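Below are the chains, spelled out letter by letter.
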Amino acid sequence: MPLHSIISRLVTQRRSLVWLGVLILTAVSVLILVTRMKLDTEVLNLLPRGFQSVEGLKVYNRDFAQVRELTFALVSAPEDVEKLEEFAPQFADALRAQPWCARVLAGTPIETPEGVRDLQAIAVPLLLNLETRAFDETLALLEPAKIQERLHRLREEIEAGSPRPQFELALDPLGVIAPALKPFAGNAAIEEDQPLASPDRTMRVFLTVTNQPSISAFDCQKLMKEVNAFRARAHEGWEGGPLEILVTGRSAYVAEISLGMRHDIIITVLGSIVLVGGVFYVGFNRWLPLIGMGFSLLLCCLVALATGLLIFGELNMVTVGFCAILIGLGVDFAILIFGRYQQARDDGYDHGAAVSEAVRNLGRAVFFGALTTAVGFLALLLSGSAGFTQLGVLIAIGIFLAGLFMMSVFFLFLPNESHPQRHDWIFLLVKKYVRWTVRRPAIMLWISLPLFLLLCAIAVSPRPRLIFDASTESMEPRSSAASYALHTIMNKMPTRWEPAIGIVRAGNSQELHDSWQNIAAHWSELQEAGKIKSFSTPAALALSPQRLTDNREKLHHLDWAATRQALETAVAQEGFSAETFDSAFTLLDDLARVALPEASVPDWRSSLPKSSSWWFLVDRYFAHEPLLTTGFVTTNEPITTQEQKQLLQRELPVAGVPMILSGWSFTLTDLVPWSHHQLIVISTLMAIFDATLLALLYRDWRRWLIQIASLAMAVAAMIASMKLLHIPLNLLNVLAFRLVLAIGVDYGIYVLLVWQKARDLEHDVAGVVKPVILAGLTAIAGFGSLGLANNPTLAGLGIACAIGIFWSLAATVFVTLPATAAAEPKTWREETSETPVKARSHV
């Protein structure tokens, strides 16, 4: 028995069996969604794999503590800058009091008593890590004569009124801490590379580290709910004009993106359902088929999502557009099938025979349409992007399910008794157009071809230019408070721009030390040559076990009792308070203890208090794993061009030191050639696939050439439209071109396969052109609804595809059809107002 007869028998005579299968499939899918649903909000997973810069960015975001860092900013009016200075300490104290706040950086740590005390706590290991010559010179300062000489000089400078001796006495009474901290201080210029106040003093920045348990979407949402509640009441005590309290950071972005995913799912699916359902109802003016179509499409989405979770384990943010796209594409099959079914019923077929006739006539076209669309989306596998790979696989699965369900489940909603549509104004217009076009194709071609050729000329012309946006803004959510805060901070502080980062993973502590010493020396040469603006590395904190051992041996030769006695004597002779030198006596005791053979060198990580502001600096360089580190290079200008990126790739690495170069700006610049490759090479491969498939399908060079030319003109018109409307391409919506090639070719297939066998102009050709037009409109509506998404990547992809599908539909109706009529003129049977048709019954 033929397949179309089997399907007809199942949906008409075995309806309960089909419904049972639908219920089982639905229950299993719902169970999978409930038990396995997991959303991936990592925006980096939208970027392609295989790029070292992308992998480096993932390592930096995953393994370094800065992922739990939030940046607050207070922005006031220019006339309130003095009040802002007064309010800033109060705001910092309020931040420290929050239960979600682990530590706060409100100013340079070296300027606070706590910061000085914390540095003194780690002085011993830093002192022992000095180079041999520097260590010997520093150790000589502990000789009794040197101690006496230093304290006498400080006393004279104090009497002369100099403020500097007071600072030296507080930080480094013996003069040995400064040399130990000199390498560290070179990297500690937070105010230079990351200023905490704007030049005009209208903005103050506060860095905080939160204690959230993880960076998951739900933990970030919970944290930001508390943060926003704090922001709402943090104005208390402010007596000036308007005060903005801004916050940005990874947690803020993750919370916004995850909540935006919920919004995008609801708004795009509802928008797609309303638009697609509206087009279907206008086209056929029937409710039951509309309900059946909606049920079948939702079943496709449900099963495809469940399958995707089984395959991938989690779904990325871009896959939230899956349902809207599938609804817009899957409805094509419903329109084509129902259009042919209704035509058969109008011809006198009963329900079962009409089902069989619809599947028999359009089953092949639906199969090839699903095939080309599925291959187009499966081509997203070549993008290397995890998010778009998931999107491609889910829609490929869904589109085949849509073809299957529209030829089975959809018929369950169609009544056995059907009445002809009273006044089908769309079909009357289509019939008149088709009759006029196929009889006078030259006139239609003289109208349409000049328009398409003009658009082709615009597409290939260098003016206007096609905008290509490779900035980070092209991937940020719309109306994002975190994004607004970040850009406000960047605009207020023009010295801030995102540096390039170099990630180094060592096998042991000595290797880490040697690597960063070599890197620091090389980058210093680049800075002197003017190739980079500045740099900072963890070299001072990457301790050398060999140096620690060698320098520690030298401590054995010092008489620590005599040194301590000399300090006590000098303090008394110069009239200083003994309490002022408590830190100096503590340092001597610590050095004497380390000199003992059985003692160990203290770990600076354990000595530095967890609440210390210096951890903001440490966490910049060290990951949770101490041997995974990073350094930063500030370029002379923001990284925006391939030349800058290639210069850094050529100059920054050091021979013998494995290093991953990354950073947001560096990575996005690195991906520009990839996006061009996606636009040109992969789209070309998709075009070759389409051309090959059409050649096998038609086996006629004239029909093949007509559709290939129509498809090429549609893509050119899409490019021209994006130029004229100033719609930018970004790193990810370049994927739209291959999707348009995959989807747009379907409309020509539907028309030309019917043309190939058509004998009746009104019954056959006009009967398929109407569903094709409706199918194109629903696809445009499905993709267009993605434009409502907050995610700009998803919205940009939807808008680009909607434009491309519009021109594909226009090319099919206004070029493919008249060109085919001109190339293959046929003699048509004249239609009458009432054409008798013999009623058929289903056997």
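Quick look at the structure, then. Throughout, residues of each chain are indexed from 1 in the direction in which the sequence is written. Predicted model: local features are reported for residues with pLDDT of at least 70 only, side-chain atom pairs are reported and counted for 80 or more only, and whole-chain, interface and lining totals are derived from all residues. Hydrogens are left out, water is left out, and the side-chain values use all remaining heavy atoms of the structure.

Secondary structure summary: the protein contains 33 helices and twelve strands in total. Relative to its length of 843 residues, the protein is extended, with a C-alpha radius of gyration of 36 Å against a globular reference of 28 Å. Across its three principal directions, the C-alpha atoms of the protein cover 125 × 55 × 50 Å. Scored against the burial criterion, the 843 residues of the protein give a buried share of 57%. Accessible surface computed for the protein: about 35,700 Å², of which carbon and sulfur atoms make up 61%. We count Lys and Arg on the positive side and Asp and Glu on the negative side, and we leave His and both chain ends out. Charge positions are represented by NZ for Lys, CZ for Arg, CG for Asp and CD for Glu. Put simply, the protein has 69 plus and 78 minus side-chain charges, and the middle of one group is 15 Å from the middle of the other. Labels follow the DSSP assignment, with helices taken as runs of H or I lasting at least four residues and strands as runs of E lasting at least two, numbered in each case from the N terminus. For the radius of gyration, the atoms used are the C-alpha atoms, and the globule rule reads 2.2 Å times the number of residues raised to 0.38. The buried label applies to any residue whose accessible area, calculated with a 1.4 Å probe on protein chains only, is under 20% of its type's maximum; exposed applies above 50%, and partly exposed to all values in between. Surface exposure here means Shrake-Rupley accessible area, sampled with a 1.4 Å probe, where a residue is shielded only by the protein chains that are shown.

Our focus in this paragraph is the side chain of Thr630. With respect to the helices and strands, the residue Thr630 is situated in strand E10 (residues 628–634). Note on Thr630: relative accessible area 0%, which makes it buried. In this structure the side chain of Thr630 is engaged in a polar contact, spanning 3.1 Å, whose partner is the backbone oxygen of Gly502. The contact partners of Thr630, leaving out residues within four places of it in the chain, are Tyr60, Phe64, Ile501, Gly502, Ile503, Trp516, Pro538, Arg620 and Tyr621. As used in this structure description, the phrase polar contact means that two N or O atoms lie within 3.5 Å; if the pair is within protein, one of them must be able to donate a hydrogen and the other to accept it, and residues adjacent in sequence are counted only when both atoms belong to side chains. Whether two residues are in contact is decided by their heavy atoms, any of which lying within 4.5 Å being enough.

Now for the pairing of E10. Burial analysis of E10 places seven of its seven residues in the buried class, the great majority of the element. With burial as the criterion, each face of E10 is covered, one bearing Leu628, Thr630, Phe632 and Thr634 and the other bearing Thr629, Gly631 and Val633. DSSP bridges decide pairing: two strands pair if at least two such bridges lie between them. Two strands pair when backbone bridges link them, and strand E8 (residues 500–505) and E10 are joined in this way by six bridges, in the antiparallel orientation. Looking across to E10, one finds that Arg505 is bridged to Leu628. Across three bridges, strand E9 (residues 534–536) lies against E10 in antiparallel orientation. Opposite Ser534, over in E10, you have Thr634 as the bridge partner.

A separate point is the pattern of salt bridges. Counted as salt bridges are all cases of a side-chain nitrogen of Lys or Arg within 4 Å of a carboxyl oxygen of Asp or Glu. Counted under the stated rule, the structure contains 19 salt bridges. Across the salt bridge formed by Arg96 and Asp93, the nearest N and O atoms sit 3.2 Å from each other. Residue Arg96 and its partner Asp93 are located together in helix H4 (residues 81–96), separated by three residues, close to a single helical turn. By relative accessible area, which is 47% here, Asp93 ends up partly exposed. Here the salt bridges share partners, and the residues they tie into one network are Asp700, Arg702, Arg703 and Glu824.

The next subject is the sheet that holds E10. In spatial order, the strands read E9-E10-E8-E11; together these four strands make up an open sheet with antiparallel pairing. If you trace the sheet from one side to the other, it starts and ends with E9 and strand E11 (660–662), each paired once. With strand direction ignored, the average angle separating the axes of adjacent strands in the sheet is 20°. Between N-to-C directions, angles span 0 to 180 degrees; the directions come from axes that are lines fitted to C-alpha atoms, helices contributing only their stretch in contact.

All right, on to empty space enclosed by the protein then. Here a cavity is any set of points on a 1 Å grid over the protein atoms alone where a 1.4 Å probe fits but cannot get out, and a pocket is any open set with protein on both sides within 12 Å along at least 5 of 7 lines; a residue lines the site when it has an atom within 4 Å of a point. Grid points are joined across faces, edges and corners, and a volume is the space filled by probe spheres set on the points. On inspection of all chains with the given rule, the structure shows four cavities of 30 Å³ or more. Here the second largest cavity defines a volume of roughly 70 Å³. Every residue lining the second largest cavity is listed: Gln707, Ser710, Leu711, Ala714, Gly744, Val745, Gly748, Ser808, Ala811, Thr812 and Thr816. Among the elements of the structure, helix H30 (701–724), helix H31 (736–757) and helix H33 (792–823) are those that each provide at least two residues to the lining of the second largest cavity.

Attention now goes to the nonpolar core. Nonpolar core, defined: a set of buried Ala, Val, Leu, Ile, Met, Phe, Trp, Tyr and Cys residues in which side-chain atoms within 4.5 Å join the residues together. Among the nonpolar cores identified, the biggest contains 144 residues, and Met293, Leu329, Phe377, Phe411, Val434, Phe783 and Leu817 are the most heavily contacted of them. Looking at which element gives the most residues to this core, the answer is H31, with 16 residues. Apart from the residues lying within four places of it in its own chain, the contact partners of Leu329 are Thr373, Phe377, Ile395, Ile399, Ile743, Ala779 and Phe783. Membership of the second largest hydrophobic core comes to 75 residues, among which are Tyr60, Val176, Val633 and Phe666.

With that settled, the discussion passes to the sheet that holds strand E4 (residues 203–210). Pairing in this open sheet of four strands is antiparallel, and the strands run E3-E4-E2-E5 from one edge to the other. The strands lining the two open edges of the sheet, one partner per strand, are strand E3 (101–105) and strand E5 (244–249). On average, each strand axis in the sheet is inclined to that of its neighbour by 25°, with strand direction left out of account. As defined by bridge partners, strand E2 (residues 69–75) adjoins E5 across six bridges and the pair is classed as antiparallel. Within E5, the position partnered with Leu70 by the bridge is Gly249. Sheet strands in contact with helix H20 (residues 481–492) are E2, E4 and E5, and its direction is about 105° off that of E5.

As a further point, take the environment of Leu336. In this structure, Leu336 sits in helix H15 (residues 322–346). Counting along the chain gives 21 residues from Leu336 to Glu357, while the straight-line C-alpha distance between them is 12 Å.

This next bit is on H33. An α-helix turns once every 3.6 residues. As a result, residues three or four positions apart point the same way. Between the first and last residue of a helix there are one fewer steps than residues, each counted as 1.5 Å, and that sum is the expected span. With 32 residues, H33 should cover 46 Å at 1.5 Å per step; its first-to-last C-alpha distance of 44 Å lies within 8% of that length. Two axes are fitted around each residue, one to the seven residues ending there and one to the seven starting there, and the angle between them is reported as the bend at that residue. Maximum bend of H33: about 35°, positioned at Thr812. In terms of residue burial, H33 counts as a mostly covered element, since 27 of its 32 residues are buried.

A pair of Phe, Tyr and Trp rings is counted when the ring centres sit within 6.5 Å of each other, with Trp represented by its six-membered ring. The angle between the planes then sorts it: under 30 degrees is stacked, over 60 is edge-to-face, the rest tilted. This model, assessed by the stated rule, comprises 27 aromatic pairs. Counting every residue linked through ring pairs, the aromatic cluster contains Phe72, Phe87, Phe91, Trp100, Phe206, Phe230 and Trp238. Should the NZ of a Lys or the CZ of an Arg lie within 6 Å of a ring centre and within 35 degrees of the ring normal, that charge is described as sitting over the ring. When the ring centre of Phe576 is taken as reference, the NZ or CZ atom of Arg155 above it lies at 4.5 Å.

Bringing a nonpolar patch on the surface into the picture now. Patch definition: residues above 30% relative accessible area lacking any salt bridge, with like charges linked at up to 9 Å and the nonpolar side chains Val, Leu, Ile, Met, Phe, Trp and Tyr linked at up to 5 Å. Side chains of Leu3, Ile6, Leu10, Leu17, Leu20, Ile24 and Val28 sit close together on the surface and give an oily, nonpolar patch of about 630 Å² of accessible area. Only helix H1 (3–13) and helix H2 (15–36) provide two or more residues apiece to the nonpolar patch. Here the nonpolar patch takes four residues from H2, the largest share from any one element. Residue position: Ile6 is located in helix H1. When its relative accessible area of 35% is taken as the criterion, Ile6 is described as partly exposed.

Following Arg463, the chain continues into Pro464 via a peptide bond in cis, with omega recorded as -10°. Within the secondary structure, Pro464 sits in the loop between helix H19 (441–460) and strand E7 (468–469). The phi angle at Arg201 is positive, at roughly 65°, despite the residue not being glycine. You can see Arg201 is positioned in the loop between helix H11 (190–193) and E4. Of the residues examined, Arg201 reaches a relative accessible area of 34% and is grouped as partly exposed. Residue His726 is not a glycine yet carries a positive backbone phi of 55°. As for its placement among the helices and strands, His726 is situated in the loop between H30 and strand E12 (729–730). On the basis of relative accessible area, His726 is assigned to the exposed category, the value being 56%.

Topologically, Asp172 is positioned in the loop between helix H9 (164–171) and helix H10 (177–187). Accessibility expressed as a relative area gives 4% for Asp172, which makes it buried. Considering only alpha carbons, one finds Asp172 and Gln642, 470 residues apart in sequence, at a separation of 47 Å. Once residues within four sequence positions are removed from consideration, Asp172 is found in contact with Arg150, Phe167, Ile177, Ala178 and Pro179.

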